[in-house]
Amino acid sequence: MTQAAAPAPRRRRRLKLATPALLGLPVGWLVVFLIVPAVIVALYSVNELSLFPGPHSFALGGWYRLFHSGFMSLFWKSAQMSLIVSALVVAAAYPLAYFLALSGTRRKYILLLLLIAPFLTSYLLRVLAWKVILSDGGVINTFLVWVHLQAHGHSLSFLLYSRFAVMLVLGYVWLPFVALPIFVTLETLDFRLLEAASDLYASRLQAFLRVTLPLSMPGVVAAFLFVFIPTVGEFVTPSLVGGQAGYMYGNQIVDLFETGFPDWETGAALALFLIGVIAVLTVVFVRFLRIGEARAA
Amino acid sequence: MDVALSRNGRRIMRVFFALVVVFLYAPIVILVIFSFNKGSVPTFPLTGFTLHWYHEFLTNSDMQAALKTSAIVAAISSVVAVSLGILASIGLSRSRFRGRGAVTTLVLVPLVVPLVVLGISLLLLFHALGIQLSILTIAIGHVVISLPYTILILLPRLEQIDASLAEAAYDLGAGPFATFRRVTLPLILPAVVSAFLVAFTTSFDEYAVASFLAGSQQTFPLFLYSALRFPSQLPQVIAVAVVVISLTIVVIVAAEVWRRRVETRLEAA
């Protein structure tokens, strides 16, 4: 360390004292409005707190119902839907990001903005657009009748209020965003590695499979989780376009809290289970990134 | 030889890219078309051009009240989120201290918490504390959602600027506030504006958490959601959709272009 860079002791002390003062408010905010609420949810899930007045004590009824009342199969259904959406969306976004990052096109940032712009607009309104398009009397069905591809009264009713509708809309909503993390990893890829592979007589496919794809895996996994995490707990899209068939785990949580027969105890257990699954996934992902970094170093 | 893409591969990818862009924009274009369509249901064939639906939503007082509520919630929550984000980012950029990793994790956790869980847990908190739901409770929830985004925008910018500038200000006798206002803030201003816009639009568009935390006053997304159940309101909702979507695209693209320009200028200086 050079002398000029070494801060005077007094200033260093001032900086040190300042750090807790700076972090106090944001950390305090998150403790009060994120951590404490989570603890309260946990207390509800074991009946230490209860919606209903009167005596109540520690009980695991909520957790018992979570595992024995069909909620698990609903969770698997939601997880499957999310997995399919995430996988398809990542598979579609990869070539887009690859094209932008590696084709040497000069307008890549403009094209990237073009791709992402829909993501920046209202979520609810994009879902609305699909409702207009897919409904029985909607754009697709009336268009098909209009051009005589379809007879009156024989509308394609699977289009709306189905699993298909939920998955289509979720994919539509998340596709633009997912290209971003993949683009970033491909963008920072050392192009000389590809040239070296080519010099060593690797075909383009071999170079892709053995150099580009492994190096871009962190971006791919990040992209996958960026879709999976918000969609597995989703309730807005299924409630608008899902109907009974597209009902997801998130809808169940909402219903346990908001219907005429609320069951906050079970609802809290469902919510905590969802957080637990996501926490495990996130931790595994961060580990995976660290291992990747260590290997690269 | 191009090692990344063959000529045919490039051609196929270009077509694929174009198809995806069509897929992404087609629903929006369809909304635009039907917002000018005379018929009161969005069906083919089109029945003629009208501005009626735009006129109708401009005179719909419920919708205007909802827009105003959303603007207030977004203003409060984005100012609070950016202020907290600035504090956290300066604190995190400045030094390596014990617990830095834990703090970083904590401020990023809201990114992975499902909104339904966040909404319900805050609802239970306010219920336990006996706090009445209002626009303030929505704003509190929105701060939790946008705080990580503001930090992700501000922290890289703070780490870019030369720490010796702030130290020089200290050496010249400036206090922490003067240093922040006259040295740090001007340098990070473009990032602050970006963070503010992201927080504002996030809040303005947020439905899930607001649906649990709203009192008697509806925000705009809550209004939209309830309007979707009444087919008679659909055409004017489509007209609003067109206005809102175009406005957000214009504002965000303009802000991004402006930020790039200012930051290049600051770097040149």
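Computed from a predicted model, the values in this text were never measured in an experiment.

What counts and what doesn't
- Every chain begins its residue count from 1, and numbering advances along the sequence as written.
- Key to labels: chains lettered from A, ligands numbered from 1, both in the order written.
- Only residues with pLDDT of at least 70 get local features here, since the model is predicted, and only at 80 or more are side-chain atom pairs given and counted; chain-wide, interface and lining totals rely on the full set of residues.
- To qualify as a helix, a DSSP run of H or I must reach at least 4 residues; to qualify as a strand, a run of E must reach at least 2; elements of each kind are numbered from the N terminus.
- Throughout, the radius of gyration refers to the C-alpha atoms, and the reference size of a globule is 2.2 Å times the residue count to the power 0.38.
- Each residue is classed by its C-beta neighbour count within 10 Å, where at least 20 other C-beta atoms makes it buried, 12 or fewer makes it exposed, and intermediate counts make it partly exposed; the C-beta atoms are placed from backbone geometry.
- Two residues qualify as a contact pair if the distance between their C-beta atoms, derived from the backbone, is within 7 Å.
- For a helix, the expected span equals 1.5 Å multiplied by the residue count minus one.
- Each residue receives one of three labels: charged for Asp, Glu, Lys and Arg, nonpolar for Ala, Val, Leu, Ile, Met, Phe, Trp, Tyr, Cys and Pro, and polar for the others, Gly being one of them.
- Think of pLDDT as the predictor's per-residue confidence, scored from 0 to 100.
- A fitted line through C-alpha atoms serves as each axis, taken over the contacting stretch for helices, and the angle formed by two N-to-C directions is quoted from 0 to 180°.
- To sort the angles, those under 35 degrees are grouped as roughly parallel, those over 145 as roughly antiparallel, those from 65 to 115 as roughly perpendicular, and the leftovers as oblique.
- Note on convention: near helix rotated counterclockwise from far helix by under a right angle means a left-handed crossing. Clockwise means right-handed.
- Put simply, a nonpolar core is buried Ala, Val, Leu, Ile, Met, Phe, Trp, Tyr and Cys residues tied into one set by C-beta atoms within 7 Å.

Of the regular secondary structure elements, chain B holds 11 helices and zero strands. Its helices and strands in sequence order give chain B the pattern α-α-α-α-α-α-α-α-α-α-α, from N to C terminus. Taking 18 Å as the expected radius of gyration for a compact globule of 269 residues, we find that chain B reaches 23 Å, considerably beyond that expectation. In terms of its C-alpha atoms, chain B occupies a principal-axis envelope of roughly 70 × 70 × 30 Å. Put simply, chain B has 269 residues, and 42% of those count as buried. Residue pairs at least 24 apart in sequence account for 79% of intrachain contacts in chain B once pairs closer than 6 positions are excluded.

What follows covers the overall build of chain A. Helix and strand counts for chain A stand at 12 helices and zero strands. Along chain A, helices (α) and strands (β) appear in the sequence α-α-α-α-α-α-α-α-α-α-α-α when read from the amino end. Among the 297 residues that make up chain A, the fraction classed as buried is 39%. Counted over contacts in chain A with a minimum sequence separation of 6, partners at least 24 positions apart contribute 70%.

Okay, helix α11 (residues 234-268) of chain B next. An ideal rise of 1.5 Å per residue puts 51 Å on 35 residues; α11 of chain B measures up with 51 Å between its terminal C-alpha atoms. Residues of α11 of chain B that are buried sit in contact with α5 (123-134) of chain A together with α1 (7-35), α2 (52-58), α3 (61-94) and α10 (220-227) of chain B.

Another point: the interface of chain B and chain A. Across the contact, 70 residues belong to chain B and 73 residues belong to chain A. Among the elements that line the side of chain B that touches chain A, the one with the most residues is α1 of chain B, at 13 residues. Residues of the side of chain B that touches chain A, tallied by class, amount to 60 nonpolar, six polar and four charged.

All names here are of chain B. Residues with a pLDDT of 70 or more make up 97% of chain B, whose mean pLDDT is 86. The weakest mean pLDDT in chain B belongs to helix α7 (residues 163-171) at 78; the strongest belongs to helix α9 (residues 208-213) at 95. For this predicted complex, the interface confidence comes out at an ipTM of 0.86, alongside a pTM of 0.87.

Our next topic: the packing of α5 of chain A against helix α7 (residues 163-187) of chain A. All names here are of chain A. Between α5 and α7, the shortest axis-to-axis distance is 10 Å and the interhelical angle comes to 140°. Classified by the angle their axes make, α5 and α7 are oblique. Crossing angle aside, the handedness with which α5 passes α7 is right-handed. Here Tyr123, Arg126, Val127, Trp130 and Leu134 of α5 lie close against α7, whose contacting residues are Ala165, Val169, Tyr172 and Val173.

Let us look at the nonpolar core. All names here are of chain A. Core analysis: the biggest nonpolar cluster contains 156 residues, and Ala93 and Ala97 have the highest contact counts within it. Of the residues forming this core, the biggest block, 14 residues, is contributed by α7. When near neighbours in sequence (up to four residues on either side) are disregarded, Ala93 contacts Leu175, Val178, Ala179, Ile182 and Ala223.

Residues and elements named next belong to chain B. Checked against the element boundaries, Ile140 lands in helix α6 (residues 135-160). The exposure class of Ile140 is buried, given the 23 C-beta atoms found within 10 Å. Spatially, the C-alpha atom of Ile140 lies 17 Å from that of Ala195, the residues being 55 residues apart in sequence.

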